[in-house]
Amino acid sequence: MDIELTINGERTIVEAGSGDDLATVLRQHGYIGVKCGCDGGTCGASKVFVDGEVRMACGMAPADANGSEILTVAALGTQDDLHPVQQAFVDNFAVQCGFCIPGMVMQAVALLDSNPDPTEREVREALNDNVCRCTGYQKPVEAVLDAAGRMQGEQSVAADGGQPVGTPREEGDAAGCCGGGCDE
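Structural notes, computed from the coordinates.

Rules behind the numbers
Residues numbered from 1 in each chain as written. Predicted model: local features only at pLDDT ≥ 70, side-chain atom pairs only at ≥ 80, totals over all residues. Heavy atoms only, no water. Helix = DSSP H or I, 4+ residues; strand = E, 2+ residues; numbered from the N terminus. Buried < 20%, exposed > 50% of the residue type's maximum accessible area, 1.4 Å probe, protein only. Contact = heavy atoms within 4.5 Å. Areas by Shrake-Rupley, 256 points an atom, 1.4 Å probe, with all protein chains shown as cover. Axes fitted to C-alpha atoms, helices over the stretch in contact; angles between N-to-C directions. Parallel < 35°, antiparallel > 145°, perpendicular 65-115°, else oblique. Left-handed = near helix turned anticlockwise from the far one by under 90°. Salt bridge = Lys/Arg side-chain N within 4 Å of Asp/Glu carboxyl O. Lys, Arg positive; Asp, Glu negative; His and termini not counted. Polar contact = N/O pair within 3.5 Å; in protein donor to acceptor, adjacent residues only side chain to side chain. Pairing = 2+ DSSP bridges.

## So, the overall build of the chain
- Of the regular secondary structure elements, the chain holds five helices and five strands.
- If you list the helices and strands of the chain from N to C, you get β-β-α-β-β-β-α-α-α-α.
- For the chain, the residues scored as buried account for 38% of the 184 residues in total.
- Considering only contacts in the chain between residues 6 or more positions apart, those separated by 24 or more positions represent 51%.
- When the accessible surface of the chain is summed, it comes to about 10,100 Å², and 45% of that surface belongs to carbon and sulfur atoms.

## Details of the packing of helix H2 (residues 84–91) against helix H3 (residues 101–114)
- In the contact formed by H2 and H3, the axes pass within 9 Å of each other and the chain directions differ by 125°. By the criterion of interaxial angle, the relationship of H2 to H3 is oblique. Helix-helix and strand crossings are classified by hand; for H2 and H3 the assignment is right-handed. Packed against H2, whose contacting residues are Val85, Gln86 and Phe89, the element H3 presents Ile101, Met104, Val105, Ala108, Val109 and Leu112 at the interface.

## Comments concerning the pattern of salt bridges
- All told, the structure shown has seven salt bridges when counted by the stated rule.
- Glu4 is the partner of Arg11 in a salt bridge, and the nearest nitrogen-oxygen pair spans 2.2 Å.
- What makes Glu4 partly exposed here is its relative accessible area of 30%.
- Three or more residues are tied together by salt bridges with common partners; here these are Asp91, Asp146 and Arg150.

## A few points about the side chain of Asp21
- Turning to its location among the elements, Asp21 is positioned in the loop between strand E2 (10–15) and helix H1 (22–28).
- Summary of buried charges: Asp21 has no salt-bridge partner, and the nearest side chain of opposite charge, Arg27, is 8.5 Å away.
- One polar contact links Asp21 to Thr24, side chain to side chain, over a distance of 2.8 Å.
- Excluding residues that lie within four positions of it along the chain, Asp21 makes contacts with Ala57, Cys58, Met60 and Pro62.

## Structural notes on the environment of Arg121
- Within the secondary structure layout, Arg121 lies in helix H4 (residues 120–126).
- Accessibility expressed as a relative area gives 64% for Arg121, which makes it exposed.
- Taking the C-alpha atoms as reference points, Arg121 and Val141, 20 residues apart in sequence, are found 9.1 Å from one another.

## Re the sheet that holds strand E4 (residues 53–56)
- Spatially, E2-E1-E5-E3-E4 is the arrangement adopted by the five strands of the open sheet, whose pairing is mixed. Here the strands that pair on one side only, and so sit at the sheet edges, are E2 and E4. On average, each strand axis in the sheet is inclined to that of its neighbour by 40°, with strand direction left out of account.
- The pairing of strand E1 (residues 2–7) with strand E5 (residues 69–71) spans two bridges and is parallel. Considered in E5, the bridge of Thr6 is made with Glu69.
- Sheet contacts for H3: strand E3 (47–50), E4 and E5; angle to E3, the most-contacted strand, approximately 40°.

## Thoughts on unusual backbone geometry
- Positive phi is not limited to glycine here, since Asp51 has a value of about 50°.
- Residue position: Asp51 is located in the loop between E3 and E4.

## Describing the environment of Leu22
- Residue placement: Leu22 occurs in helix H1.
- Overall, Leu22 belongs to the buried group, its relative accessible area being 0%.
- Residues within four places of Leu22 in sequence aside, it is in contact with Leu5, Val50, Ala57, Met60, Pro62, Ala65 and Ile70.

If you want it as structure tokens, here you go:
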């Protein structure tokens, strides 16, 4: 069956098999940031935005998305210009194996869109249906709280105290490197 979708801003028609879910269809068409961890819509790894609402693509029939606008984690930013949530996950060492992270990032973006200044408890509740076996959730929670501050303009440097990539340094500024006396 043919399904018409707008994926990451590009209108397209995709073919979906009778047993496929939306995550499978998206992955078959190259959107590999959508992960499949449970085949039933319970792990959170397949989260995407469907018409502005975060949904688990592995628990959604493609026909239910027909005519919809889909945003995957790839639409949030590029390697050179990450979304503040993506950058906070990197800077806070919240990315372990990376399998569940796209879903967590999408959920975090949805949370911060609706609640720009969440408490730690609200972040934990928002990430509750994202199954992760590596992180213990502490680092992702810290990353979301950090991203909230960045998105409100409260923080512009990396969480580890370093400078964002491409930030010019003054000559002799050891804070921007290891401080080991190299000729950087």
